[in-house]
Amino acid sequence: MSNKTVLFDKHVEYKGKIVDFAGWQMPVNYGSQIDEHHQVRKDAGMFDVSHMVIVDLKLDSESGDIKGFLQYLLANDVAKLTESGKALYSCMLNEQGGVIDDLIVYYMSENWYRVVVNAGTREKDLAWINQHAAKFDVIVREREDLAMIAVQGPNARDKAFEVLPVDVVEAATPLKRFFGADCGDWFIGRTGYTGEDGFEIMLPDSEAAALWDKLAGVGVKPCGLGARDTLRLEAGMNLYGSDMTEDTSPLVSGLGWTIAWQPEDRDFIGRSVIENEKAGGVKQKIVGLVLEERGVLRGHQKVIVEHEGARLEGEITSGTFSPSLQKSIALARVPVEIGETCAVEIRGKLLKARVVKPVFVRDGQPV
Amino acid sequence: MSEVPSELKYTKSHEWLRVEDDGLITIGITDHAQELLGDLVFVELPEAGTEFVTGDECCVVESVKAASDVYMPISGEIVEVNEALADEPEIINTSPYDSGWLFKVKPSADELADLMDADAYQTEIEE
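These numbers come from a predicted model, not from an experiment. (Residues numbered from 1 in each chain as written. Chains lettered and ligands numbered in written order. Predicted model: local features only at pLDDT ≥ 70, side-chain atom pairs only at ≥ 80, totals over all residues. Heavy atoms only, no water.)

A. Geometry of the pattern of salt bridges. Residues and elements named next belong to chain A. As enumerated under the stated definition, the model contains 30 salt bridges over all chains in all. For the salt bridge of Asp56 with Arg143, the shortest nitrogen-to-oxygen distance reads 2.9 Å. Placement of the pair is Asp56 in strand β4 (residues 53–59) and Arg143 in the loop between β8 (138–142) and β9 (146–152), with a sequence separation of 87 residues. Of the residues examined, Arg143 reaches a relative accessible area of 14% and is grouped as buried. Residue Glu142 pairs with Arg122 through a salt bridge whose shortest N-O separation is 2.9 Å. Taken together, the residues Glu142 in strand β8 and Arg122 in helix α4 (residues 122–133) connect sequence positions 20 residues apart. For Arg122, a relative accessible area of 22% translates into the label partly exposed. The network of salt bridges with common partners includes Arg157, Arg177, Arg190, Asp197 and Asp363. (Salt bridge = Lys/Arg side-chain N within 4 Å of Asp/Glu carboxyl O. Helix = DSSP H or I, 4+ residues; strand = E, 2+ residues; numbered from the N terminus. Buried < 20%, exposed > 50% of the residue type's maximum accessible area, 1.4 Å probe, protein only.)

As structure tokens, then:
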């Protein structure tokens, strides 16, 4: 299986190094992943994220209920969305309280919600959503006709305004963070996965290559999936499949804040299991680690925690070298007893790491 | 297109070797290898004085993306390592065959004939 986004030829033209990502031929970098990382932190970069899955939820009949459907499907509560265009980040749980996927849902109207899910989980997500949509009379429509370009960085919005169609600029200008607006076949969200300001622009496939060239023309540099990963990790944003999976609940994945426990009578899939987990006392949590010695933290390395004479163990879920901090950083799932430091086992050696809140850089500044 | 200098010897695991005038052998990773790895951020060098045999994992180079082992291409003793890489591992990206060398070895056997020449390595990485 090897899919290509509508921008594939552009990636080749811009000298992207193409790798397989979740069955998609995607650029991992266009030369230097570190340069692309700094480009986003200091100026503006763009990512092709057309492999992500855009799903529109519409009403099948007057008896349909998209809000009720999403309140049952998601651990966060779409009742928080009262203003048109507002976005919400949520986990979609299975019956065991494990995470099927994390997603963004935009509330546009009572008749239209737009959901964006991960590429690597496309089939199971769509099957799960469809399975539960039927009884709420909700139509699930995957928008394979749309491409998506994320423009990120402190200058991303200004540069995008220089080249976006006039009516899209008009729709995008008043957007507050974490809001989206539609404009004809286009949709623009002031969202992202880098910890910087910017837009995620959804647009018809046929117009994507032209926008890519125009953005490049005003100095928005193409960035690959490599930089996307270091940027999101510095920003302390989870990656599905690494920091949470179907076998981990949001409570041990640093995502407790995304669960809406109120109102108590809202029945959502997985609720009873994670409610019991919470009542019994959550045993692990996600922390940030900063390596104090030379080396690079990587996923699956063992974390050793000394607690009252006992040796407890955890595991790194995502690790990398942080281009902004010039140190290695990681997210790790560890026993809740962890103190201010721990050790990480790298190739048989124990290296010292500092334990921090799981966010390292936001809006260009170290946290 | 990766650079493959004609005067060097090569391995399938993308190390290069250069025989110096004093008989020592300088070893590094190839241009092709650094391109595959991407931006290098850490190098774990062997210690001078350590002896290895052909095929031993003797060094680790890490890019932002991944860690990769370097295998000893010949048997011998490490006599010098490139200390500059501790602070500037990115030298390997910019100068893989020159300032980005990894270590120098005093060979304990004559195994150079078993290694690939530039043409053979070029063919190897084109496949």
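B. Local environment of the interface of chain A and chain B. Between chain A and chain B, the residue contacts involve 14 residues of the former and 15 residues of the latter. The junction of chain A with chain B conceals about 1300 Å² of combined surface from both sides, 48% of it contributed by carbon and sulfur atoms. The interface formed by chain A and chain B holds five salt bridges in total. Put simply, Asp87 of chain B and Arg294 of chain A hold a salt bridge, and the shortest N to O gap is 2.8 Å. Summed over the shared surface of chain A and chain B, the number is 13 residue pairs in polar contact (both at pLDDT 80 or more). Here the residues of the side of chain A that touches chain B sort into four nonpolar, five polar and five charged. (Contact = heavy atoms within 4.5 Å. Buried area = accessible area lost by both parts, 1.4 Å probe. Polar contact = N/O pair within 3.5 Å; in protein donor to acceptor, adjacent residues only side chain to side chain. Nonpolar A, V, L, I, M, F, W, Y, C, P; charged D, E, K, R; others polar.)

C. A look at the environment of Phe187 of chain A. Residues and elements named next belong to chain A. Examined against the element boundaries, Phe187 turns out to sit in strand β11 (residues 186–189). Judged by its relative accessible area of 1%, Phe187 falls in the buried class. Linking Phe187 and Pro204, residues 17 residues apart in sequence, is a C-alpha distance of 9.6 Å. Residues in contact with Phe187, not counting those within four places in the same chain, are Tyr106, Met108, Trp112, Arg114, Gly180, Ala181, Asp182, Glu200, Ile201 and Met202.

D. Looking closely at the nonpolar core. Residues and elements named next belong to chain A. Grouped together as the largest cluster of nonpolar side chains are 32 residues, with contacts concentrated most on Phe47 and Tyr106. Taken together, the elements giving at least two residues each to this core come down to β5 (87–93), β6 (99–109), β7 (112–117), β9 and α8 (225–234). Beyond its immediate sequence surroundings of up to four residues, Phe47 is in contact with Val40, Met148, Ile149, Ala150, Gln152, Thr194, Trp212, Cys223, Gly224, Ala227, Arg228 and Leu231. (Core = buried A, V, L, I, M, F, W, Y, C linked by side-chain atoms within 4.5 Å.)

E. Focus on the side chain of Asn238 of chain A. You can see Asn238 of chain A is positioned in the loop between α8 and α9 (271–279). A polar side-chain atom of Asn238 of chain A sits 2.7 Å from the main-chain carbonyl oxygen of Ser253 of chain A.

F. Broad picture of the pairing of strand β2 (residues 24–29) of chain A. All names here are of chain A. Most of β2 sits out of view: five of its six residues are buried. Pairing analysis gives five bridges linking strand β1 (residues 17–21) to β2, with the strands arranged antiparallel. In the strand pairing of β2, Phe21 is matched with Trp24. Hairpin connection, β1 to β2: the antiparallel pair is bridged by two residues, and Ala22 has positive phi, about 50°. (Pairing = 2+ DSSP bridges.)

G. Focus on the sheet that holds strand β10 (residues 180–183) of chain A. Sheet architecture is open: six strands sit in the order β10-β11-β12-β9-β3-β13 (chain A), paired in mixed fashion. For this open sheet the edge positions go to β10 and β13 (221–222) of chain A, each flanked by a neighbour on one side alone.

H. Main features of the side chain of Asn29 of chain A. Residues and elements named next belong to chain A. Residue position: Asn29 is located in strand β2. A relative accessible area of 6% places Asn29 in the buried class. A distance of 2.9 Å separates a polar side-chain atom of Asn29 from the backbone nitrogen of Gly31. When neighbours within four sequence positions are excluded, Asn29 is seen to be in contact with Lys15, Gly16, Lys17, Glu36 and Gly224.

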